[in-house]
Amino acid sequence: MSVPHTPAKLYRGRVADQIVEDLRDQILSGALPDGSRLPSERELAAYYDVSGPTIREAIRVLTAMGLVNTRNGSRATVTAQGDTLLALSIASVVQVEKVGAREVLGLLGALTAYAAELAAEHASDEEIARLRDAAGRTAGAENTESVEQSAAALRDFFVTLSEISHNPLLAALCRFIAELQIGLAVKMSGGETGSWGQVAGALQPDRVRIVDTIATRDPAAAASVVRDYHRRVVERIMSVRKGEGRTASEAGMTEALTGWLRANAGLGGQVASRRSTLS
């Protein structure tokens, strides 16, 4: 039996909820670390002195929370990754509160501007050089044959920028919302290289300017350049939609955002995986 502590006393009422809370506390405290496997259903049932269906209900809830993963009927594996939890939470709030696309994109601009401000203050010369390399890899987006490849390069640029802010919470927020904005841009381009290039490729000089400004170690200027960049991104996304006869309204963008979230709400682990390939 690998659950590391004496089980919490269970009271009348929603026993499954109490089991969820007990296991959740162990996962978040690190007693059950990321990647570890929970005991079998039979072991957990004996441990908590409950039935198998009660354990299955608790595991389903933990899975929905993004704390464990079950595949092909195997034992549940702990997936305690901050990016995944953050992605699920933000995606849920966006959908429940009916947050509009422009609001989400505006938030990314504000967060990335703060990241640039911190990077100008705290990033090492080597980290700024890494950001410059990432900006260079986004070149050619306008003529690329692969929207997916171009999107990956753009994503890596913003992940790198968030990381060199040296603020882990800010970096996690930026990673997810940058993923969201890039995913939305790809979706609204219809995967067409011409439409994608009008948004991503045309703004390559602006990304180089972001790096140059951070390198001057002027936090206020770095933040201003990033805010200007994100404003231009939104303008270009809207102009592409208008030019191709698509719905360019706020409602159209929000509909595209909601569709993307439904398909990708649990992508925090993917973001973390992509981040690990950068260093």
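Calculation notes
Residues numbered from 1 in each chain as written. Predicted model: local features only at pLDDT ≥ 70, side-chain atom pairs only at ≥ 80, totals over all residues. Heavy atoms only, no water. Helix = DSSP H or I, 4+ residues; strand = E, 2+ residues; numbered from the N terminus. Buried < 20%, exposed > 50% of the residue type's maximum accessible area, 1.4 Å probe, protein only. Contact = heavy atoms within 4.5 Å. Areas by Shrake-Rupley, 256 points an atom, 1.4 Å probe, with all protein chains shown as cover. pLDDT = per-residue confidence, 0-100. Phe/Tyr/Trp six-rings, centres within 6.5 Å; stacked < 30°, edge-to-face > 60°. Axes fitted to C-alpha atoms, helices over the stretch in contact; angles between N-to-C directions. Parallel < 35°, antiparallel > 145°, perpendicular 65-115°, else oblique. Left-handed = near helix turned anticlockwise from the far one by under 90°. Nonpolar A, V, L, I, M, F, W, Y, C, P; charged D, E, K, R; others polar. Salt bridge = Lys/Arg side-chain N within 4 Å of Asp/Glu carboxyl O.

Draft legend 1. Structural context of the overall build of the chain. Helix and strand counts for the chain stand at 13 helices and two strands. Here the chain holds 279 residues, and the buried ones make up 47% of them. Sequence separation of 24 or more characterises 75% of the internal contacts of the chain that already satisfy a separation of 6 or more. Looking at the chain as shown, the accessible area adds up to about 13400 Å², and 50% of this sits on carbon and sulfur atoms.

Draft legend 2. Region of the structure containing unusual backbone geometry. A positive phi angle is found at Asp-49, which is not glycine, with a value near 60°. Relative to the assigned elements, Asp-49 resides in the loop between helix H2 (41-48) and helix H3 (52-65). A positive phi angle is found at His-166, which is not glycine, with a value near 65°. One can find His-166 in the loop between helix H7 (147-163) and helix H8 (168-189).

Draft legend 3. Just the confidence of the model for the chain, in detail. Looking at the chain as a whole, the pLDDT averages 79, with 75% of positions reaching at least 70. Predicted confidence in the chain is weakest over helix H13 (residues 268-276), with a mean pLDDT of 44, and strongest over helix H6 (residues 125-137), with 95. Note on residues 243-248: pLDDT is under 50 here. Beyond four places in sequence and across chains, it has 14 contacts. Counted against residues more than four places away or in other chains, residues 267-279, with its pLDDT under 50, gives 25 contacts.

Draft legend 4. Quick look at the packing of aromatic side chains. Scanning the entire structure with this criterion turns up three aromatic pairs. Aromatic side chains Tyr-47 and Tyr-48 sit 4.9 Å apart centroid to centroid with 85° between the ring planes, which places their arrangement in the edge-to-face category. The pair Tyr-47 / Tyr-48 is uniform in exposure class, with both members buried. The interplanar angle of 80° and the centroid separation of 5.0 Å between the aromatic rings of Phe-157 and Phe-158 together place this pair among those described as edge-to-face. Take Phe-157: its relative accessible area is 0%, and that puts it in the buried class. Owing to a relative accessible area of 7%, Phe-158 belongs among the buried residues under this scheme. Chaining the aromatic ring pairs together yields one cluster made of Phe-157, Phe-158 and Tyr-229.

Draft legend 5. Seen up close, the packing of H6 against H7. Running from amino to carboxyl end, H6 crosses H7 at an angle of 165°, the nearest separation of the two axes being 8 Å. As summarised for this structure, H6 and H7 are arranged roughly antiparallel, according to the angle between their axes. As for the relative orientation of H6 and H7, their crossing is left-handed in sense. Of H7, the residues touching H6 (which contributes Arg-130, Leu-131, Ala-134, Ala-135 and Arg-137) are Ala-153, Asp-156, Phe-157, Thr-160, Leu-161 and Glu-163. Grouping the constituent residues of the contact of H6 with H7 by class yields six nonpolar, one polar and four charged.

Draft legend 6. Here's a closer look at the pattern of salt bridges. By the definition in use, this model includes 11 salt bridges. Among the ionic pairs, Asp-206 bridges to Arg-232, the shortest N-O distance being 2.6 Å. With Asp-206 in helix H10 (residues 204-215) and Arg-232 in helix H11 (residues 219-243), this pair connects stretches of sequence that are 26 residues apart. The partner of Asp-228 in a salt bridge is Arg-209, with the nearest N and O atoms 3.9 Å apart. Here Asp-228, found in helix H11, pairs with Arg-209, found in helix H10; they are 19 residues apart in sequence, far enough to count as distant. Residue classification places Arg-209 among the partly exposed residues on the basis of a relative accessible area of 44%. Taken together, the salt bridges that share partners define one network made up of Arg-14, Asp-17 and Glu-57.

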